[in-house]
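Close look at the chain arrangement
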Amino acid sequence: MQTLSNKKILLGITGGIAAYKSAELVRLLIKAGAEVRVVMTPSAQEFVQPLTYQALSGHRVYVDLFDAEADSAMDHIELARWCDLLLVAPASADFLGKMNAGYADNLLLTLCLAAKQSVAVAPAMNQQMWANPATQENVKQLAARQVIVWGPAEGEQACGDVGAGRMLEAAQLLDNVQRHFSPGRLEGVNLLLTAGPTREAIDPVRYISNRSSGKMGYAIAEAAMRQGASVTLVSGPVSLAAPAGARLISVESAQQMLDAVMQQASEADVFVACAAVSDYRVDQAAQQKIKKSDAAMSLKLVLNDDILATVSALERRPFCVGFAAETQDVEQYALAKMEQKNLDMIAANRVGDGSGFETDFNQLEVFWRAGRQTIEHAGKAEVAKQLIDLIAERYTASLA
Ligand code: PMT
């Protein structure tokens, strides 16, 4: 879909290895209907030739101030006025520092000063440079002056380090640009989410757990971010990559999940409990590995606190959405859980037949106080999208 038709994007590229990702970004922006012009700093040209972006954008690439002045059709002030959004991606530490200080010693910095429209930056640098208080201070001050900051993401870096500092992927930046022009239904909403299983220790090497893969919860995190929500994901142990842009808090046991959720709950507007939390834990987990013997053994299990019920009982509580995985009498059990846990909404999934735990598919029967809706059997990404649409609708209605 041409979601960016009639939109003019001025893409600024600074010196960094992530500059190669911006070639893909130009392609995606154009595919989405945007008109794209590219400006490069002198050091950006050390990484990628201007010709690359010229070929992709179909327009000459602006590389220096006097070059732009010489182009009577578009001097630097006109270039700044021309765009609906000036996006600097990648934005290096050096560039952010100069931008914050108001320097104008290259064309892109001049444009940032001259732009009246929105300016966004996608930082990209070594994790240590990103963590440095000087960079953090620069970014904080830029954000305070309404510069939009997208990213960075965490992960492996070109230099071999691991941490925060990677530029967001081109597809994520495209998502952000699209959302910038048509804000999502959960813009400004803090959404707290649990996902995956918990592990209850028996001894240092054994535990009780369940078959939750985290796929449903992680898909909900992605769908919520696509609608503009700030997502905090409290996740049990899963083998999925952290959804880029979400704040991930990794936990193991139900008690750790409860503690993490309660630390975040006061900030949350919406709480979605998708995790398959163990109802019980071993009363006294052994400190040493339990040795096999000929005798039968039994474990004493004690009840875990219910995380969802604890959140929904808070005086200032978020909009609470529960899940119910059932093998039979889905509606009856789901409605009973909504009542017992005092929820605003519950999403019931019949497990089995290729839905629910572990699989890539699900189907939901969603109930709220005055209604219900079926989300038909589909991939978890599609199910999550429809569920988030419904949550956005009911949450907004609850504020009226
Ligand atoms: O992770 P996947 O493989 O993608 O699978 C997804 C899923 C099937 C795990 C998910 O869609 C789902 O249904 N999660 C809820 C599982 C369940 O059976 O929950 P429950 O009936 O035990 O609990 C009901 C609700 O209370 C749930 O929202 C649960 O997160 C919450 N709960 C339960 C116990 C507890 N101690 N604390 C809780 O917050």
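Residues numbered from 1 in each chain as written. Predicted model: local features only at pLDDT ≥ 70, side-chain atom pairs only at ≥ 80, totals over all residues. Heavy atoms only, no water.

1. What to know about the domain arrangement of the protein
- Here the protein is partitioned into domain 1 (8-181) and domain 2 (190-399).
- Each of domain 1 and domain 2 was reduced to a C-alpha centroid, and the two centroids are 38 Å apart. (Domains from an automatic or database assignment.)

2. Let's talk about the site of the ligand
- Near the ligand, the surroundings consist of 25 residues, among which Ser-212, Ser-213, Ala-273, Lys-337 and Lys-380 are the closest.
- In this structure, Ser-213 approaches the ligand through a side-chain N or O atom, which is 2.6 Å from an oxygen atom.
- Contact distances for the ligand include 2.6 Å between an oxygen atom and a backbone N or O atom of Ala-273.
- Relative to its free-state accessible area of 780 Å², the ligand is covered by the protein chains to the extent of 95%.
- Looking at the shell around the ligand, the elements with two or more residues in it are α10 (215-226), α12 (307-312) and β16 (319-326).
- With three residues, β16 is the largest single contributor of residues to the shell around the ligand.
- Split by residue class, the shell around the ligand holds ten nonpolar, seven polar and eight charged. (Near = heavy atom within 4 Å. Polar contact = N/O pair within 3.5 Å; in protein donor to acceptor, adjacent residues only side chain to side chain. Areas by Shrake-Rupley, 256 points an atom, 1.4 Å probe, with all protein chains shown as cover. Helix = DSSP H or I, 4+ residues; strand = E, 2+ residues; numbered from the N terminus. Nonpolar A, V, L, I, M, F, W, Y, C, P; charged D, E, K, R; others polar.)

3. Here's the deal with the sheet that holds strand β11 (residues 230-235)
- Reading across from one edge, β12-β11-β8-β13-β16-β17-β18-β19 is the order of the eight strands in this open sheet, with mixed pairing throughout. Every interior strand has two partners, whereas the edge strands, β12 (247-250) and β19 (371-379), have only one. Between one strand axis and the next, the sheet turns by 15° as a mean value, whatever way the strands run.
- Sheet topology note: the strand β8 (residues 190-195)/strand β13 (residues 270-273) ladder contains four bridges and is parallel. Bridging across to β13, Thr-194 finds its partner in Ala-273.
- Across the sheet, helix α14 (residues 380-399) is in contact with β8, β13, β16, β17 (345-350), β18 (361-368) and β19; its angle to β19 comes to roughly 160°. (Pairing = 2+ DSSP bridges. Axes fitted to C-alpha atoms, helices over the stretch in contact; angles between N-to-C directions. Contact = heavy atoms within 4.5 Å.)

4. Brief notes about the packing of helix α5 (residues 93-101) against helix α8 (residues 133-144)
- The interhelical angle for the contact between α5 and α8, taken along N-to-C directions, is 50°, at an axis separation of 9 Å. As far as their axial angle goes, α8 and α5 are oblique. Note on packing geometry: the crossing formed by α5 with α8 is left-handed. On α8, the residues that touch Ala-93, Leu-96, Gly-97, Met-99 and Asn-100 of α5 are Thr-135, Asn-138, Val-139, Gln-141 and Leu-142.
- For the contact of α5 with α8, the class distribution of residues is five nonpolar, five polar and no charged. (Parallel < 35°, antiparallel > 145°, perpendicular 65-115°, else oblique. Left-handed = near helix turned anticlockwise from the far one by under 90°.)

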